[in-house]
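One letter stands for each residue in the lines below.
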Amino acid sequence: MLAEWEPQSMVQLTWPHEGTDWAPILDEITAVYEEMASEIRKREPLLIVDTMPHNDTWARDHGFITVEETSFDPKSKALVLLDFCFNGWGEKFEATLDNQINKHLYEQGLVNGTYEDHLDFVLEGGSIESDGKGTVFTTECCLMAPHRNQPLTKAEIEERLKEWLGAERIVWLQHGSLIGDDTDGHIDTLVRICPNDTLLYTGGDDDHPDLVEMERELQKLRTLDGKPYRLLKLPLPRPIYDDGDRLPATYANYLVINGAVLVPTYNQPDLDAEALRIIGKAFPDREMVGIDCRAVIKQHGSLHCCTMQYY
């Protein structure tokens, strides 16, 4: 499985419409998508899914997961598009139409790679992170959550992930979750792998003691070479509420694109600036671009959740 900072051919957005959960704030969320689209388009091609039916717009979780197939010839490389089942994060929401998007894109020749059908296995793009050299991160609370791949055991799931994603090891984090999260602890809201064995992660507080335990886990982790990771702690946004419900705001849900990193912001100037600065330390050769994601978190996701990159 390729690292997100590898050169990309395009990014996918699945566009909001009045038939999705965005209907009550359609104008507000459309403005955010237009801003994302504009920043992406400045740097690489953009694929917008809009003309075929879809239940929702979380391209990260219904989109293809790309792996690179290599042979003994270093010049012989091919991209494989893995099409997994998205079942609304454990059957919480309807996703039947979303599972038809990938096959349509492939049949129309809009994506580059060989199609591989894994629709009998539930796996969301937001639930896995790869360093591009053999390590994949995930969380136990997500992949072992009810209504995903039971009765498979953790060992059986790990065996499949290693085979399909070309991983030497799967790092299972036992801690980490955000208040208001619908995904059962997607790794892309918590810990992100960056170049040079760096981990960006969401810091904890009194309301999120599990994040404090997650930090202790990360401090004990070692790379495949036996070295400690370089750890960069991201601030946790101050609580944001919608109709009394606390929303799962996180700065870890950023998107790496060619030449830039799009970072979610939440109209908290001091913390927004701190997050941009820290993420910039992990990606010093890229421009940091803030995108106001207060509308996105009203549906319990953020910027990375809305996007999927292709190589």
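Look up: the structure comes first, before these words.
Bear in mind the structure is a predicted one, so any value in this text is a computation, not a measurement.

*Asks:* Can you help me understand the overall build of the protein in this one?
*Replies:* Assigned secondary structure in the protein consists of 8 helices and 17 strands. Relative to the compact-globule value of 19 Å for 311 residues, the protein shows a C-alpha radius of gyration of 18 Å, a close match. For the C-alpha atoms alone, the extent of the protein along its principal axes is close to 50 × 50 × 45 Å. For the protein, with 311 residues in total, the buried portion stands at 58%. In the protein, the share of contacts with a sequence separation of at least 24, taken over all contacts with a separation of at least 6, comes to 75%. The average position of the 28 basic charges and that of the 55 acidic charges among the side chains of the protein differ by 8 Å.

*Asks:* Before we go on, may I ask you to explain helix α7 (residues 209-220) in this structure?
*Replies:* In an α-helix, one turn spans 3.6 residues; hence positions three or four apart end up facing the same way. In a regular helix each residue adds 1.5 Å, so 12 residues correspond to 16 Å; α7 covers 18 Å between its end C-alpha atoms and thus fits that length. Of the surrounding secondary structure, the elements contacted by the buried residues of α7 are β7 (135-139), β8 (169-173), β9 (191-194), β10 (198-202) and β11 (230-234).

*Asks:* Whenever I open this one, the sheet that holds β10 confuses me. Can you help?
*Replies:* The pairing of strands in a sheet happens through backbone hydrogen bonds and is either parallel or antiparallel. If you trace the 3 strands from one edge of the open sheet to the other, you get β9-β10-β11, paired in mixed fashion. Each having just a single partner strand, β9 and β11 make up the two edges of the open sheet. Neighbour-to-neighbour, the strand axes of the sheet open up by a mean angle of 20 degrees, direction not taken into account. In terms of strand pairing, β10 meets β11 through 5 bridges, oriented parallel. Bridge assignment links Thr198 to a residue of β11, and that residue is Arg230. Along the sheet face, α7 touches β9, β10 and β11 and points at about 170 degrees away from the line of β10. Across the sheet, helix α8 (residues 269-282) is in contact with β9, β10 and β11; its angle to β11 comes to roughly 160 degrees.

*Asks:* I would appreciate a short explanation of the sheet that holds strand β4 (residues 77-85) in the present structure.
*Replies:* Strand order in this open sheet of 3 strands is β3-β4-β5, and the pairing throughout is mixed. Lying at the two open borders of the sheet, with one neighbouring strand each, are β3 (65-70) and β5 (114-122). Strand-to-strand twist of the sheet, defined as the mean angle between neighbouring strand axes without regard to direction, takes the value 30 degrees. As paired strands, β4 and β5 are joined by 6 bridges and run parallel to one another. Across the sheet, Leu82 pairs through a bridge with Glu116, a residue of β5. Here helix α6 (residues 154-165) sits on the sheet in contact with β3, β4 and β5, set at roughly 170 degrees to β5.

*Asks:* Would you mind showing me how to read α8 here?
*Replies:* Look at α8: 20 Å from first C-alpha to last across 14 residues, which is about the 20 Å you get at 1.5 Å a residue. Burial in α8 covers these residues: Leu271, Asp272, Ala275, Ile278, Ile279, Gly280 and Ala282. Tucked into the core, α8 has its buried residues touching β9, β10, β11, β15 (260-265) and β16 (287-292).

*Asks:* I'm lost on the pairing of β10 in this one. Help?
*Replies:* Note on strand geometry: in a regular strand, side chains alternate between the two faces of the sheet. Judged by how many residues are buried, β10 sits mostly within the fold: 5 of 5 residues are covered. What you see with β10 is no split at all: Thr198, Leu200 and Thr202 on one side and Leu199 and Tyr201 on the other are buried throughout. Pairing of β9 with β10, which is carried by 4 bridges, proceeds in the antiparallel orientation. When the bridges of β10 are listed, Cys194 appears paired with Thr198. Between β9 and the antiparallel strand that follows it, β10, lie 3 residues; Asn196 among them carries a positive phi value of about 60 degrees. Once you follow β10 into α7 and on to β11, the crossover reads as right-handed.

The rules we used
Residues numbered from 1 in each chain as written. Predicted model: local features only at pLDDT ≥ 70, side-chain atom pairs only at ≥ 80, totals over all residues. Heavy atoms only, no water. Helix = DSSP H or I, 4+ residues; strand = E, 2+ residues; numbered from the N terminus. Rg over C-alpha atoms; globule rule 2.2 N^0.38 Å. Buried < 20%, exposed > 50% of the residue type's maximum accessible area, 1.4 Å probe, protein only. Contact = heavy atoms within 4.5 Å. Lys, Arg positive; Asp, Glu negative; His and termini not counted. Charge placed at Lys NZ, Arg CZ, Asp CG, Glu CD. Expected span 1.5 Å × (residues − 1). Pairing = 2+ DSSP bridges. Axes fitted to C-alpha atoms, helices over the stretch in contact; angles between N-to-C directions. Right-handed = clockwise from strand over helix to strand, strands pointing away.

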